[in-house]
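# Close look at the chain arrangement
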Amino acid sequence: MSRLVVISNRLPLGDNPSGGLVVALQDSLRNSGGLWIGFSGETPSEPADSLEYHPGAEYQRASFDLTPADHEAYYLGYSNSVLWPLCHGRADLTDIDPDYGEGYRRVNARIAALVAPHIRPDDRIWVHDYQLFPLAAELRARGIGNPIGHFLHIPFPGPENCAVMPDPHELFEWLSQYDLLGFQTHRDLANFTESARQLAELIPLEGNRIRLCGRELRRDVFPIGIDTASFIEEARTAQDVDRMRSLTGAQMMIGVDRLDYSKGIPQRFRAFQLLLENHVEFHEKISFLQIAPPTREEVEAYQDIREETEHLAGRINGQFATVNWTPIRFIHRPLPRNVLAGLYRQARIGLVTPLADGMNLVAKEYVAAQDVSDPGVLILSRFAGAAETMQDALVVNPHDPHEMAEAMAQAMHMTANERRQRHSVLLRDVVEHDVSWWSARYLDALAGAS
Ligand code: GDG
């Protein structure tokens, strides 16, 4: 079996790194004597000019450092202040700056220069996500002819958002240098096709093949899953669940998201407010727990969303709280994974209402964590990639607070029978299409694309 080389923005470090992607790739990496390369998270003023290898895992891991200026321009700047907002339909939140674009190209070129000497002639290379769009082009420029695949974890923008990029044509030239482009959903694939048609040159060929900017490659949909079996086990054995139940008394509704403007947290707070305004019968009967660890705090848009959500939660609690009941509990830091699993299992409602999202793993984790004999109800935004397959959730428009509030009321009233029926369909999908299924399908397609 040829060696698998994975390249992602961050290298999962630590002796026992967990997380879906790590679990998904670890067998393929181990069985092929593979290598995972990524950013260390360190920003010294004079980074080394070579990869640093890390012992400990069952496959090789190698990292690189970035200067503070490179990190700012490439990661905080172009990746997260230009590409991320555009991919999530928020052109209004972009911060376009020529230094960012220049830094993004420079860092991708530097990563390619660090990686190229380590590539063997029969390696398969799998590049992850929007931080590394130019990487294949930079590797090709250094003589790497190996099969290279790309998987985009976030939505692909339609033509109107692509057109906001400083040089949209360049994006498609970068993408044309891969052999396989993977997307989360059919909607992303359609956006890619339409944007490439309008802003570059795309000619559809037979099956999944296309000619993009003069080069032939494949593209397809690979919806990512979770490590379902271990999550089910984690939730089943979670400690403290009964203790938490007896403390609250009310039914719990849970939201778990990185604190990001794409996740629709203020919109769901407003919907909850409306529920409490319109349905007095739920006062003291439902309590909303929102867990939202902060990310990318150096970027202004993330400071704004933090202020907005804290303000709203405070206002709603001020309006409705009683001596015995706090309607919204807002936790602003990460919780351990097993605690999260236990909370999901206890929650009567899982609220997953992003305004835009590649897939959304929380929707799948919530379903996996439920007690099959008495499961909770998933309320899911139709703009989460997960909604393409999870139609037995209560699917809502996250911009419509009335619809969301009524879905919350419907979930509170739903009979155990209906909850079990909906949940069993959702669970089947989450079990069958787990993260190992996803990576195996992608790697098969990459093998066929070479
Ligand atoms: C990108 C795309 C796509 C959250 N809070 C805590 C915690 N989490 C974990 C969740 C879940 C993960 O983080 C979040 O995954 P999502 O899929 O919801 O979102 P992104 O981080 O935006 O990921 C997304 C994904 O890539 C995969 O392709 O689905 O669309 O944006 O696993 O459980 N984990 C712990 N404590 C927390 O407080 N332990």
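As the structure is a computational prediction, the values presented were derived from the model and not from experiment.

### Considerations on the confidence of the model for the chain
- Confidence in the prediction of the chain, expressed as mean pLDDT, is 94, and 96% of residues score 70 or more.
- The ipTM value of the predicted complex is 0.99, and its pTM value is 0.96.

### Brief notes about the pairing of strand β7 (residues 180–183)
- Because side chains alternate across β7, one face comprises the buried residues Leu180 and Gly182, and the other comprises Leu181 and Phe183, equally buried.
- With 3 bridges connecting them, strand β6 (residues 148–151) and β7 associate as parallel partners. When the bridges of β7 are listed, Gly149 appears paired with Leu180.
- Two strands pair when backbone bridges link them, and β7 and strand β10 (residues 215–221) are joined in this way by 4 bridges, in the parallel orientation. Bridge pairing in β10 places Phe183 opposite Val221.

### Quick look at the domain arrangement of the chain
- Along its sequence, the chain is organised into domain 1 (4–225 + 435–447) and domain 2 (229–432).
- The C-alpha-based centres of domain 1 and domain 2 are spaced at 31 Å.
- Across the boundary between the two partners, domain 1 contributes 18 residues, which contact 16 residues of domain 2.
- It is helix α2 (residues 68–87) that contributes the most residues to the side of domain 1 that touches domain 2, 3 residues altogether.
- A per-class count over the side of domain 1 that touches domain 2 returns 7 nonpolar, 10 polar and 1 charged.

### Points about the pairing of strand β4 (residues 60–64)
- Most of β4 is tucked away: 4 of the 5 residues are buried.
- Bridge count between strand β3 (residues 52–54) and β4: 3 bridges; the pairing is antiparallel. Note that in β4 the partner of Glu52 across the bridge is Ser63.
- Counting the residues between successive antiparallel strands, the hairpin from β3 to β4 contains 5 residues, one of them, Gly56, with a positive phi of roughly 125°.

### Some points on the sheet that holds strand β15 (residues 377–381)
- Taken together, the 6 strands give an open sheet; going across it, the order is β13-β12-β11-β14-β15-β16, and neighbouring strands pair in parallel fashion. Looking at the sheet topology across the chains shown, the edges are occupied by β13 (328–331) and β16 (394–396). Between one strand and the next, the sheet's axes are offset by a mean angle of 20°, whatever the strand orientation.
- In terms of strand pairing, strand β12 (residues 286–291) meets β13 through 4 bridges, oriented parallel. Each bridged residue has a counterpart across the sheet, and for Leu289 the counterpart in β13 is Arg329.

### A few points about the environment of Val431
- Mapping Val431 onto the fold places it in helix α15 (residues 416–432).
- Separated by 428 residues in the primary sequence, Val431 and Arg3 have C-alpha atoms spaced 28 Å apart.

What counts and how
- Residues numbered from 1 in each chain as written.
- Predicted model: local features only at pLDDT ≥ 70, side-chain atom pairs only at ≥ 80, totals over all residues.
- pLDDT = per-residue confidence, 0-100.
- Buried ≥ 20, exposed ≤ 12 C-beta atoms within 10 Å, placed from the backbone.
- Helix = DSSP H or I, 4+ residues; strand = E, 2+ residues; numbered from the N terminus.
- Pairing = 2+ DSSP bridges.
- Domains from an automatic or database assignment.
- Contact = placed C-beta atoms within 7 Å.
- Nonpolar A, V, L, I, M, F, W, Y, C, P; charged D, E, K, R; others polar.
- Axes fitted to C-alpha atoms, helices over the stretch in contact; angles between N-to-C directions.

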